[in-house]
Amino acid sequence: MKKFLIALLVLLLAILIGGIVYLYRDLDQQKKQNQEMQELAELDKQEMENEYQQFALQYSEMKTQINNDSIIAQLSAEQEKTQRLLAELKKVKAEDAREITRLKKELATVRAVIRSYVLEIDSLNRLNQNLVAENTRMKSQYEEATKQIQGLNNEKVSLSEKVAIAAQLDAINIRMTAQNKRGRQTDNMKKCKTVQVDFALAKNVTASSGMKNVYVRIVTPTGAVLGNAGTFDYENRSLQYTMKKGVEYGGQETPVTLYWNVDQAMVGGTYQVSIFAGGHMIGSKSFTFK
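Only a predicted model underlies this, so the values are computations on that prediction, with no experimental measurement involved.

Colleague: Help me understand the overall build of the protein chain in this model?
Modeller: Within the protein chain, the secondary structure is distributed over four helices and ten strands. Along the protein chain, from the amino end to the carboxyl end, the secondary structure elements read α-α-α-α-β-β-β-β-β-β-β-β-β-β. Residue burial in the protein chain is summarised as follows: out of 290 residues, 39% are buried. Considering only residue pairs separated by 6 or more positions, the protein chain has 69% of its internal contacts joining residues 24 or more positions apart.

Dropping the structure here:
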């Protein structure tokens, strides 16, 4: 009887030690996954700060290239708004998802506004170019016309660089749905057999047309990335993605739908859907399931 009790005690001790080791490994893995999510959030916040700073500087440059007092006043107001939003972003912590989402929406608005001014100023410069072309035919104003042509050429180079910034794509109307084995929508992730992600590439007349590779990365409530489809480059690092699709884009609003067949256990909680294209995160949204 004594030997049996000793053996039982040893067995229980072994089970306890095994459980502690397993728990320690699980906690260590969770810590690494949370650290990766934090790093990604910090990178996203830093990219937003860089864009806000770049747009604020761009407003200053544009004001030096026109002589229209009304437009200059409008640019100054938009510049002050951009600087105010940048100041708000610097005070926000990267893990504050609600504020980051709000400021990301504001950034999309700022980007759209600056695109409109780029196009408006470009239109004014084209009109000026036509006037210059006419003046060059007048010998009495030859010297003045030559100076104007040189100035407009310099502005054209600067505007070309600004158009490249404004050409970044935006993902809008992002939606993630779970479907059961019958193809019907469900809120219970234990019954999920297919994940569907829908969004649209927003209209952008300054973006180049052609085939665009779009990557969708879905992070689970535990911090893991769904699927193992491969990796892509983002901010000097490789990120794992869930789905990838080539999209033919012509500058107009373009709907996109992707499907991922579930091949692992799904849990309830908040899922983060991030969309990337052209080396940028073009959209992100959270979804909560049972």
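Colleague: Just checking my understanding: could you explain the layout of surface pockets for this structure?
Modeller: If a probe the size of a water molecule is rolled over the atoms, the empty space left behind becomes visible. Considered as a void within the structure, the largest pocket measures approximately 1,000 Å³ in volume. Looking at the lining of the largest pocket, the elements that each hand over two or more residues are α1 (2-63), α3 (97-135), β1 (171-179), β4 (210-219), β9 (269-277) and β10 (280-289). Counting residues per element, the lining of the largest pocket draws most heavily on α3, which supplies ten residues. When the residues that make up the lining of the largest pocket are grouped by side-chain class, the tally is 17 nonpolar, twelve polar and twelve charged.

Colleague: How do you make sense of the side chain of Glu-51 when you look at a structure like this?
Modeller: With respect to the element layout, Glu-51 can be found in helix α1. Judged by relative accessible area, Glu-51 falls into the buried class, the value being 11%. Apart from the residues lying within four places of it in its own chain, the contact partners of Glu-51 are Leu-107, Arg-111 and Gln-168.

Colleague: Looking at this model, I keep getting lost on the confidence of the model for the protein chain. Mind explaining?
Modeller: Interpreting fine coordinate detail is not advised for predicted regions of low pLDDT. Taken as a whole, the protein chain shows an average pLDDT of 80; of its residues, 74% reach a score of 70 or greater. Ranking the helices and strands of the protein chain by mean pLDDT puts strand β3 (residues 194-201) first, with 96, and helix α4 (residues 142-166) last, with 60.

Colleague: How should unusual backbone geometry be read in this particular structure?
Modeller: Glycine aside, negative phi is the norm for most residues, and most peptide bonds take the trans geometry. Positive phi values are uncommon outside glycine, yet Asn-173 reaches one of about 55°. One can find Asn-173 in strand β1. We classify Asn-173 as exposed; its relative accessible area is 58%.

Colleague: Any chance you could explain the side chain of Thr-82 here in plain terms?
Modeller: The topology assignment puts Thr-82 in helix α2 (residues 69-91). Only 2.9 Å separates the side chain of Thr-82 from the backbone oxygen of Glu-78, close enough to count as a polar contact. Excluding residues within four positions of it along the chain, Thr-82 makes contact with Tyr-52, Phe-55, Ala-56, Tyr-59 and Val-110.

Colleague: Would you mind going over the packing of aromatic side chains with me for this structure?
Modeller: A ring pair, where both rings are aromatic, is described by two values, the distance of the centres and the angle of the planes. Counted by the stated rule, this structure contains six aromatic pairs. Between Phe-232 and Tyr-241, the ring centres sit 6.1 Å apart and the planes meet at 50°, which makes this aromatic pair tilted. This pair shows no difference in class: Phe-232 is buried, exactly as Tyr-241 is. A network of ring pairs unites the aromatic residues Tyr-215, Phe-232, Tyr-234, Tyr-241 and Phe-276 as a single cluster.

Colleague: I tried to follow the sheet that holds β3 on my own but got confused; where do I start?
Modeller: Within a sheet, neighbouring strands are paired by backbone hydrogen bonds and run either parallel or antiparallel to one another. What the four strands build is an open sheet, ordered β2-β1-β3-β8; its pairing is antiparallel. Strands with a single pairing partner mark the edges of an open sheet, and in this sheet they are β2 (185-186) and β8 (254-261). Examined bridge by bridge, β3 and β8 share eight bridges and lie antiparallel to one another. Note that in β8 the partner of Val-195 across the bridge is Trp-260.

Colleague: Is there a simple way to think about α2 in this case?
Modeller: Think of an α-helix as 3.6 residues a turn; residues three or four steps apart then line up on the same face. In this model, α2 (23 residues) spans 34 Å end to end at C-alpha, consistent with the 33 Å of a helix rising 1.5 Å per residue. Turning to α2, its buried residues are Ile-71, Leu-75, Gln-79, Thr-82, Leu-85, Leu-86 and Leu-89.

Colleague: Sorry, what's going on with the nonpolar core here?
Modeller: If you look at soluble globular proteins, the nonpolar side chains tend to sit buried side by side. Ranked by internal contacts, the top residues of the largest apolar core, which has 31 residues, are Phe-199, Val-216, Ile-218, Val-273 and Ile-275. When near neighbours in sequence (up to four residues on either side) are disregarded, Phe-199 contacts Ala-171, Ile-172, Asn-173, Ile-174, Val-214, Val-216, Thr-254, Pro-255, Val-256, Leu-258 and Ile-275. If you look at the next biggest cluster of nonpolar residues, it comprises 20 residues, including Tyr-52, Tyr-59, Met-62 and Leu-107.

Colleague: Before we go on, may I ask you to explain a positive patch on the surface in this structure?
Modeller: Taken together, the side chains of Lys-181, Arg-182, Arg-184 and Lys-193 define a basic patch exposed on the protein surface. Positionally, Arg-182 belongs in the loop between β1 and β2.

Colleague: What's the story with the pairing of strand β6 (residues 237-241) in this structure? I'm lost.
Modeller: If a strand is regular, its side chains alternate between the two faces of the sheet. The sheet contact formed by strand β5 (residues 230-234) and β6 spans five bridges and is antiparallel. Bridge assignment links Asp-233 to a residue of β6, and that residue is Ser-238.

Colleague: Explain the pattern of salt bridges here, please?
Modeller: As a working rule, side chains carrying opposite charge can pair if their charged atoms are close by. Counted by the stated rule, this structure contains six salt bridges. The closest approach of N and O atoms between Arg-102 and Glu-88, which form a salt bridge, is 2.9 Å. Separated by 14 residues along the polypeptide, Arg-102 in helix α3 and Glu-88 in helix α2 bring together distant segments of the chain. With its nearest N and O atoms 2.8 Å apart, the salt bridge here joins Arg-102 to Glu-99. Pair noted here: Arg-102 and Glu-99 are both in helix α3, with a separation of three residues, about one helical turn.

Conventions and cut-offs
Residues numbered from 1 in each chain as written. Predicted model: local features only at pLDDT ≥ 70, side-chain atom pairs only at ≥ 80, totals over all residues. Heavy atoms only, no water. Helix = DSSP H or I, 4+ residues; strand = E, 2+ residues; numbered from the N terminus. Buried < 20%, exposed > 50% of the residue type's maximum accessible area, 1.4 Å probe, protein only. Contact = heavy atoms within 4.5 Å. 1 Å grid on protein atoms, 1.4 Å probe; cavity = no way out; pocket = protein on both sides within 12 Å on 5 of 7 lines; lining within 4 Å. Points joined across faces, edges and corners; volume = space filled by probe spheres on them. Nonpolar A, V, L, I, M, F, W, Y, C, P; charged D, E, K, R; others polar. pLDDT = per-residue confidence, 0-100. Polar contact = N/O pair within 3.5 Å; in protein donor to acceptor, adjacent residues only side chain to side chain. Phe/Tyr/Trp six-rings, centres within 6.5 Å; stacked < 30°, edge-to-face > 60°. Pairing = 2+ DSSP bridges. Expected span 1.5 Å × (residues − 1). Core = buried A, V, L, I, M, F, W, Y, C linked by side-chain atoms within 4.5 Å. Patch = residues over 30% accessible without salt bridge, like charges linked within 9 Å, V, L, I, M, F, W, Y side chains within 5 Å. Areas by Shrake-Rupley, 256 points an atom, 1.4 Å probe, with all protein chains shown as cover. Salt bridge = Lys/Arg side-chain N within 4 Å of Asp/Glu carboxyl O. Lys, Arg positive; Asp, Glu negative; His and termini not counted. Charge placed at Lys NZ, Arg CZ, Asp CG, Glu CD.

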